[in-house]
Amino acid sequence: MKNCEYQQIDLEALSTPAPTPSPQPVTENGKKKEKTAKKHRRKWEVFKGKNRFCCDGRIIMARQSGVLPLTLGLILVTSVLFFIFDCPFLVQHLTVCIPVIGGALFVFVVITLVQTSFSDPGILPRATPDEAADVEKQIDDAGNTTYRPPPRTREVLINQQAVKLKYCFTCKMFRPPRTSHCSLCDNCVERFDHHCPWVGNCVGKRNYRFFYTFIVSLSFLTAFIFGCVTTHLALTSEQERIIQELNWVAANVQLLKLVICFFSVWSILGLSGFHTYLVASNLTTNEDIKGSWSGKSGAEAATNPYSHRNIFINCCSVLCGPMPPSLIDRRGFLSAEEEEAAPQAIGREVELPALASKKDINVGTKCVSEESPARPPSRPPDRCGERTGHNPVVNSDTARDNRMAARGARHTPAARGVGGDAHTHHHAKAHHKRTQRGAKSALDGPGGTRASSPSLGRSSKDRKNAGSPPPLP
Amino acid sequence: MTPPPLTPTNHRKVQLSHITTHSLQDLRQQAAVAAKVFIQRDYTNGTVCQFQTKFPSELETRIDKQQFEETVRTLNNLYAEAEKLGGQSYLEGCLACLTAYTVFLCMETHYEKVLKKIAKYIQEQNDKIYAPRGLLLTDPIERGLRVIEVTLFEDRSLGR
């Protein structure tokens, strides 16, 4: 049988020492040996979205970490100052539970923040070429015979409510309901809530519960610290106060903590309240802002088809429901076909024409299957560093139809700069409504988000920061 | 001649013989792909993972309609079981919340357990029913739970 012969030849060839690629003839055996000498690649190395990966694919982040270092810094600094300056006093005057509770809350906050930032928010992998071709064929079949391009939407009936599914030009598929394409990360994310720069990642189906727990526990922490600091000040006797005023550092530290906590408490409490409302009605920030189900955008009264009509069940399903798996399989190894299709495999393309026949390739490559070798990654999965920027919050789908390039798209620094601690949600909500008409988040223009020209006025900054090569067409 | 020492390259060769004589499915990989059919998701019940049970016309000559619909229905039931909101999932969720979700790092979730069941079921179906007819089902998880990909191979007498 053919396979057996192939195998025998290989074993004989192996008995000869030093299998260097160059002296061997360019036959299947030679090609195979060359392949097996290369490193295996994992799927994250050829991931098409604009994400960054660490620890060999275990950690996933958005391309720009946003203000995550600031968030972490603020939390750490405030908490450490609290433990150093307030705890000793309060333990002495009140109870030892104070640092215990504070410590527990602090640990909770940091863990949930890290999980929100570094986990997969529910990214949908892009359609394979075969799938994309099949969808295109269906669209063309369904289209009319005029010269106008066929509509790229599909209507489905979900719980007796008509929902329009839009076609994503970047991912080449019809987006499932509640899925939205994040232009910053260049991925479709399931149950897309928003892209949070404070956390440096999208918030979607898989990490919404981490995000919610983070903001709730953070509001408890800031309220707790605020309460402790004011208690400390209240309990300080007159004489101690005079001494403290002389100690410039201690006085300023108290003031700093008060200021941070005061602003944080109001904004984070407000945000927690808003998200509690969303959880109870099984809505996403995206849907709430666009008014998908409140009847604002449609003529008829639309109801949320995903709601279970019961607050308790809604909360449970969002926060305690089964944890969906990650669909992108970051740490899986590439199969032989994927290796050949991968963009870095430039040298590989030269080898293919030299082979005897396609059938023989199948025998050779498929038999090696998962252990197919690969070249070491030539560059990190960084692509098109230019388009990303600090787009604070919501990626608008509604404005997509307005085919302007990403000029006015980004929520300008005004939204970012307002109130250091104020969460960009609230401001972005107002700002979004203002810019909705003129803005376009450059999501789904033909050719996807890559080929569109970088947004003017911001790209120079991004280019300087990113310093990566121009986008591939 | 003494057998060569087990280096990574010849270890793979040994695996190779194991693979090629293992199952009909691998012999299928030598056959040329004639077409691919995609079974899309069915969203009438919301965002839960369900696939359309409509029988695609390209498979009419290859497989019995009942058989195929049975497969898809079983898959739908399995996915429904994975995403079921019940006592067990709530318990898991609450426990996870209390531990700041660190249990997900050490414990396999209910969903993952069901996914393994699904993978086994698809493998079984492929071996028993689909491979003999020149078809191959791809596990939807490899396609991001978007489609069930059915690969139609050229009808040869290979392996029959």
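Participant: Help me understand the overall build of chain B, please; the structure alone is not making it clear to me.
Facilitator: A count of helices and strands for chain B gives 6 helices and 3 strands. Element order for chain B, N to C, with α for helix and β for strand: α-α-β-α-α-α-α-β-β. A separation threshold of at least 6 residues defines the contact pool for chain B, and within that pool the share at least 24 residues apart is 61%. Accessible area for chain B stands at about 8300 Å²; split by element, carbon and sulfur atoms hold 55% of it.

Participant: What should I look at first to understand the overall build of chain A in this one?
Facilitator: Counting its regular elements, chain A contains 17 helices and 10 strands. Expressed as a percentage of its 473 residues, the buried residues of chain A come to 51%. Of all intrachain contacts in chain A linking residues separated by at least 6 positions in sequence, the fraction that spans at least 24 positions is 73%. Per element, the accessible surface of chain A, about 21900 Å² overall, is 64% carbon and sulfur.

Participant: Explanation requested: unusual backbone geometry in the structure shown.
Facilitator: One can expect most non-glycine residues to show negative phi and most peptide bonds to be in trans. At R191 of chain A, a residue that is not glycine, the phi angle is positive and equals roughly 45°. Taking relative accessible area as the criterion, R191 of chain A reaches 11% and is therefore assigned buried. Of note in the backbone geometry, A100 of chain B takes a positive phi value of approximately 55° without being a glycine.

Participant: Would you take a moment to explain empty space enclosed by the protein for this structure?
Facilitator: Residues and elements named next belong to chain A. Applying the stated criterion across every chain, the model contains 6 cavities of 30 Å³ or more. The volume enclosed by the largest cavity comes to roughly 280 Å³. Lining the largest cavity are 21 residues, and of these T71, I75, L218, S264 and I268 sit closest to its centre. Secondary structure elements with two or more residues in the lining of the largest cavity: α3 (68–93), α6 (208–235) and α8 (248–280). Taken together, the residues that form the lining of the largest cavity break down as 13 nonpolar, 7 polar and 1 charged.

Participant: Would you explain the sheet that holds strand β6 (residues 173–174) of chain A in this entry?
Facilitator: Working definition: the strands of a sheet are paired by backbone hydrogen bonds and lie parallel or antiparallel to each other. Residue and element names in this part refer to chain A. The 3 strands are arranged β4-β5-β6 in an open sheet whose pairing can be described as antiparallel. Since the sheet does not close on itself, it has two edges, and those belong to β4 (153–158) and β6, each with one partner. As judged from the 6 bridges shared by β4 and strand β5 (residues 161–168), these two strands associate in the antiparallel manner. Pairing of L157 across the sheet is with A162, part of β5.

Participant: In this structure, what is going on with the pairing of strand β3 (residues 148–153) of chain B? I would like to understand it.
Facilitator: Each regular strand displays side chains that alternate between the two surfaces of the sheet. Residues and elements named next belong to chain B. Taking burial as the measure, the 6 residues of β3 include 6 buried ones, the bulk of the element. Judged by which residues are buried, β3 turns out to be covered on both faces: I148, V150 and L152 on one side and E149, T151 and F153 on the other are all buried. Sheet analysis places strand β1 (residues 33–39) next to β3, joined by 6 bridges and oriented antiparallel. Following the sheet pairing, K36 is matched in β3 by T151. Bridge count for strand β2 (residues 135–138) against β3 is 4 bridges, and the pairing is antiparallel. Bridge pairing links L136 to T151 in β3.

Participant: Looking at this structure, I do not really get the sheet that holds β1 of chain B. What am I missing?
Facilitator: All names here are of chain B. The strand order β1-β3-β2 describes an open sheet built from 3 strands, whose pairing is antiparallel. Each edge of the open sheet carries a strand with a single partner, namely β1 and β2. On average, adjacent strands in this sheet sit at an angle of 20° to one another, irrespective of strand direction.

Participant: Is there a simple way to explain the packing of aromatic side chains in this structure?
Facilitator: Centre-to-centre distance and the angle between the planes together describe a pair of aromatic rings. For the structure shown, the criterion picks out 13 aromatic pairs over all chains. Each ring, one from F82 of chain A and one from F224 of chain A, has its centre 6.0 Å from the other, and the planes form 70°; the classification is edge-to-face. Linking F82 of chain A in helix α3 with F224 of chain A in helix α6, this pair joins segments that are 142 residues apart in sequence. Judged by relative accessible area, which is 1%, F82 of chain A ranks as buried. Ring centres of Y101 of chain B and F104 of chain B lie 6.0 Å apart, and the angle between their planes is 15°; on these two criteria the pair is classed as stacked. Summarising the burial analysis for this pair, Y101 of chain B and F104 of chain B share the class buried. An aromatic cluster is defined as three or more aromatic residues linked by ring pairs; in this entry it consists of F226, F262, F263 and W266 of chain A.

Participant: Whenever I open this one, α3 of chain A confuses me. Can you help?
Facilitator: Since the α-helix advances by 3.6 residues per turn, residues separated by three or four positions end up pointing in the same direction. All names here are of chain A. Between its terminal C-alpha atoms α3 stretches 36 Å, which fits the 38 Å expected from 26 residues at 1.5 Å a residue. By the largest-angle criterion, D86 marks the main kink of α3, which is about 45°, and a proline, P88, follows within four residues. Listed in full, the buried residues belonging to α3 are L68, T71, I75, T78, S79, L81, F82, D86, C87, F89 and L90.

Participant: How should the side chain of N51 of chain A be read in this particular structure?
Facilitator: Residue and element names in this part refer to chain A. Relative to the helices and strands, N51 resides in strand β1 (residues 51–54). A polar side-chain atom of N51 sits 3.1 Å from the main-chain carbonyl oxygen of M61. There is a polar contact of 2.6 Å between the side chain of N51 and the side chain of N187.

Participant: Just to check I follow, could you spell out the confidence of the model for chain A for this structure?
Facilitator: Interpretation of this model should avoid reading the predicted coordinates in detail wherever pLDDT is low. Scored by pLDDT, chain A comes out at a mean of 69, with 57% of its residues at no less than 70. The low-confidence segment residues 345–473 of chain A (pLDDT under 50) makes 268 contacts with residues lying over four places distant or belonging to another chain.

Participant: Sorry, what's going on with the packing of helix α3 (residues 65–82) of chain B against helix α6 (residues 110–130) of chain B here?
Facilitator: Axis angle and axis distance: for two packed helices, these are the angle between their axes and the distance between the axes, and together they describe the pair. All names here are of chain B. One way to put it is that α3 packs onto α6 with a least axis distance of 9 Å and a crossing angle of 170°. When the axis of α3 is compared with that of α6, the two are roughly antiparallel. On the side of α3, the interface is formed by Q67, F68, E70, T71, T74, L75, L78, Y79, E81 and A82, while α6 contributes H110, Y111, V114, L115, K117, I118, Y121, I122, Q125, I129 and Y130. Of the residues assigned to the contact of α3 with α6, the class counts are 13 nonpolar, 5 polar and 3 charged.

Participant: Would you mind going over the environment of Q52 of chain B with me for this structure?
Facilitator: All names here are of chain B. Note on placement: Q52 falls in the loop between β1 and α3. Sequence-wise, Q52 and E69 are 17 residues apart; in three dimensions their C-alpha atoms are separated by 9.1 Å. Each residue touching Q52, except ones within four places of it in the same chain, is listed here: I39, Q40, R41, D42 and V72. Of the polar contacts made by the side chain of Q52, one reaches the backbone oxygen of R41; its length is 3.4 Å.

Rules of the game
- Residues numbered from 1 in each chain as written.
- Chains lettered and ligands numbered in written order.
- Predicted model: local features only at pLDDT ≥ 70, side-chain atom pairs only at ≥ 80, totals over all residues.
- Heavy atoms only, no water.
- Helix = DSSP H or I, 4+ residues; strand = E, 2+ residues; numbered from the N terminus.
- Contact = heavy atoms within 4.5 Å.
- Areas by Shrake-Rupley, 256 points an atom, 1.4 Å probe, with all protein chains shown as cover.
- Buried < 20%, exposed > 50% of the residue type's maximum accessible area, 1.4 Å probe, protein only.
- 1 Å grid on protein atoms, 1.4 Å probe; cavity = no way out; pocket = protein on both sides within 12 Å on 5 of 7 lines; lining within 4 Å.
- Points joined across faces, edges and corners; volume = space filled by probe spheres on them.
- Nonpolar A, V, L, I, M, F, W, Y, C, P; charged D, E, K, R; others polar.
- Pairing = 2+ DSSP bridges.
- Axes fitted to C-alpha atoms, helices over the stretch in contact; angles between N-to-C directions.
- Phe/Tyr/Trp six-rings, centres within 6.5 Å; stacked < 30°, edge-to-face > 60°.
- Expected span 1.5 Å × (residues − 1).
- Bend = angle between axes of the 7 residues up to and from the residue.
- Polar contact = N/O pair within 3.5 Å; in protein donor to acceptor, adjacent residues only side chain to side chain.
- pLDDT = per-residue confidence, 0-100.
- Parallel < 35°, antiparallel > 145°, perpendicular 65-115°, else oblique.

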